[in-house]
Amino acid sequence: MSVKNIMIVGVGGQGTLLTSRILGNLAVRGGYDVKLSEVHGMAQRGGSVVTFVRYGEQVAEPIVEAGQADVLIAFEKLEALRYLHFLREDGVVIVNDWRIDPITVVTGAAEYPEGVLDTLRASRKVVAVEAMKAAKELGAPKAFNVVVLGAAAPYVGFDKEEWLKVIEETVPPKTVEVNQKAFEMGYLLN
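Let me sum up the structure you'll find in this document. (Residues numbered from 1 in each chain as written. Predicted model: local features only at pLDDT ≥ 70, side-chain atom pairs only at ≥ 80, totals over all residues. Heavy atoms only, no water.)

Looking at the overall build of the protein
Item 1. Per the secondary structure count, the protein includes eight helices and six strands.
Item 2. Computed over its C-alpha atoms, the radius of gyration of the protein comes to 16 Å, within 12% of the 16 Å expected for a compact globule of 190 residues.
Item 3. Counting only C-alpha atoms, the protein reaches 50 × 40 × 30 Å along its principal axes.
Item 4. The 190 residues of the protein split such that 48% are buried.
Item 5. Expressed as a percentage of contacts within the protein between residues at least 6 apart in sequence, the contacts between residues at least 24 apart total 63%.
Item 6. Accessible surface computed for the protein: about 9,200 Å², of which carbon and sulfur atoms make up 50%.
Item 7. Looking at the protein, you have 20 positive and 24 negative side-chain charges, and the mean spots of the two groups are 4 Å apart. (Helix = DSSP H or I, 4+ residues; strand = E, 2+ residues; numbered from the N terminus. Rg over C-alpha atoms; globule rule 2.2 N^0.38 Å. Buried < 20%, exposed > 50% of the residue type's maximum accessible area, 1.4 Å probe, protein only. Contact = heavy atoms within 4.5 Å. Areas by Shrake-Rupley, 256 points an atom, 1.4 Å probe, with all protein chains shown as cover. Lys, Arg positive; Asp, Glu negative; His and termini not counted. Charge placed at Lys NZ, Arg CZ, Asp CG, Glu CD.)

A look at the pairing of strand E3 (residues 48-56)
Item 1. The element E3 is largely enclosed, with a buried count of eight among its nine residues.
Item 2. Pairing of strand E1 (residues 4-11) with E3, which is carried by eight bridges, proceeds in the antiparallel orientation. The residue bridging Met7 from the neighbouring strand is Phe52, located in E3. (Pairing = 2+ DSSP bridges.)

Thoughts on the environment of Asp33
Item 1. As for its position among the elements, Asp33 is in strand E2 (residues 33-39).
Item 2. As for Asp33 and Tyr55, which are separated by 22 residues in sequence, their C-alpha atoms are 5.5 Å apart.
Item 3. With near-sequence residues (within four places) excluded, Asp33 lies in contact with Arg54, Tyr55, Gly56, Glu57, Gln58 and Val59.
Item 4. Reaching out from Asp33, the side chain makes a polar contact with the side chain of Lys35 at a distance of 3.2 Å.
Item 5. Separated by 2.7 Å, the side chain of Asp33 and the backbone nitrogen of Val59 make a polar contact. (Polar contact = N/O pair within 3.5 Å; in protein donor to acceptor, adjacent residues only side chain to side chain.)

Some details on the environment of Ala66
Item 1. Along the chain, the position of Ala66 falls in the loop between E3 and strand E4 (69-74).
Item 2. Apart from the residues lying within four places of it in its own chain, the contact partners of Ala66 are His85 and Phe86.

Examining helix H7 (residues 160-170)
Item 1. Within H7 the residues assigned to the buried category are Trp163, Leu164, Val166, Ile167 and Thr170. Within H7, the buried residues cover an arc of 165° as seen down the axis, which keeps them to one side.
Item 2. If you follow the buried residues of H7, they end up packed against helix H1 (16-29), helix H6 (144-156) and helix H8 (176-187). (Arc of directions from axis to C-beta.)

Quick notes on unusual backbone geometry
For residues that are not glycine, phi is negative in most cases, and the peptide bond is trans in most cases.
Item 1. Residue Phe158 is not a glycine yet carries a positive backbone phi of 80°.
Item 2. Structurally, the position occupied by Phe158 is in the loop between H6 and H7.
Item 3. On the basis of relative accessibility, which here comes to 26%, the residue Phe158 falls in the partly exposed class.

Comments concerning the packing of H7 against H8
Two quantities define a packed helix pair, namely the angle between the helix axes and the distance between the axes.
Item 1. At a minimum axis separation of 9 Å, H7 and H8 run at an interaxial angle of 150°. With respect to H8, the element H7 is oriented roughly antiparallel. In terms of crossing hand, the pair formed by H7 and H8 is right-handed. Mapping the contact onto sequence places Lys160, Trp163, Leu164, Ile167 and Glu168 in H7 and Val176, Asn179, Gln180, Phe183, Glu184 and Tyr187 in H8.
Item 2. Considering only residue class, the contact of H7 with H8 consists of six nonpolar, two polar and three charged. (Axes fitted to C-alpha atoms, helices over the stretch in contact; angles between N-to-C directions. Parallel < 35°, antiparallel > 145°, perpendicular 65-115°, else oblique. Left-handed = near helix turned anticlockwise from the far one by under 90°. Nonpolar A, V, L, I, M, F, W, Y, C, P; charged D, E, K, R; others polar.)

Considerations on the packing of aromatic side chains
Item 1. What the rule picks out here adds up to eight aromatic pairs.
Item 2. Residues Phe75 and Phe144 carry aromatic rings whose centres are separated by 5.8 Å and whose planes lie at 80° to one another, so their mutual orientation is edge-to-face. Taken together, the positions of Phe75 in the loop between E4 and helix H2 (77-82) and Phe144 in helix H6 put the pair 69 residues apart, joining distant regions of the chain. Judged on exposure class, the residue Phe75 and its partner Phe144 are both buried. (Phe/Tyr/Trp six-rings, centres within 6.5 Å; stacked < 30°, edge-to-face > 60°.)

Rendered as structure tokens:
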């Protein structure tokens, strides 16, 4: 197997780091060499957060170069647009159809762009999910990131049962059931 390159982007507090740990643990269970890299940015203040997960038989470095990501998982649609240049031409974007205004929009220094999903779709395959809506239906809005992860799972690989087992082993014990349900909801969105 060649190296699989996954990029996860979002805004601080959206569970980007937990998601990268789930993916990393899954790849380790699969017997792969795994490299993770986390770029926190202004995570504590709602700024951009980026993580890379690379796995394969042998992975030399943790960073995904521009144009090399196989899958871009985005928890906010503007973040997907911001990091689209990292995605391969034949890659896929899994994006939460959710808007979080950056500080420049909040202060009036910039405007949130219109038609973000259309812009993404103009150049790449896009799977857009309303993960927050799904997570709220579960009564667990914080699990929206795992809904997005479920939608991404068919593009990342691994058996569904392996995903569920790794979620059980990675998330806090009191949240296992709701996170597994959130994953299954996202998985069914494909």
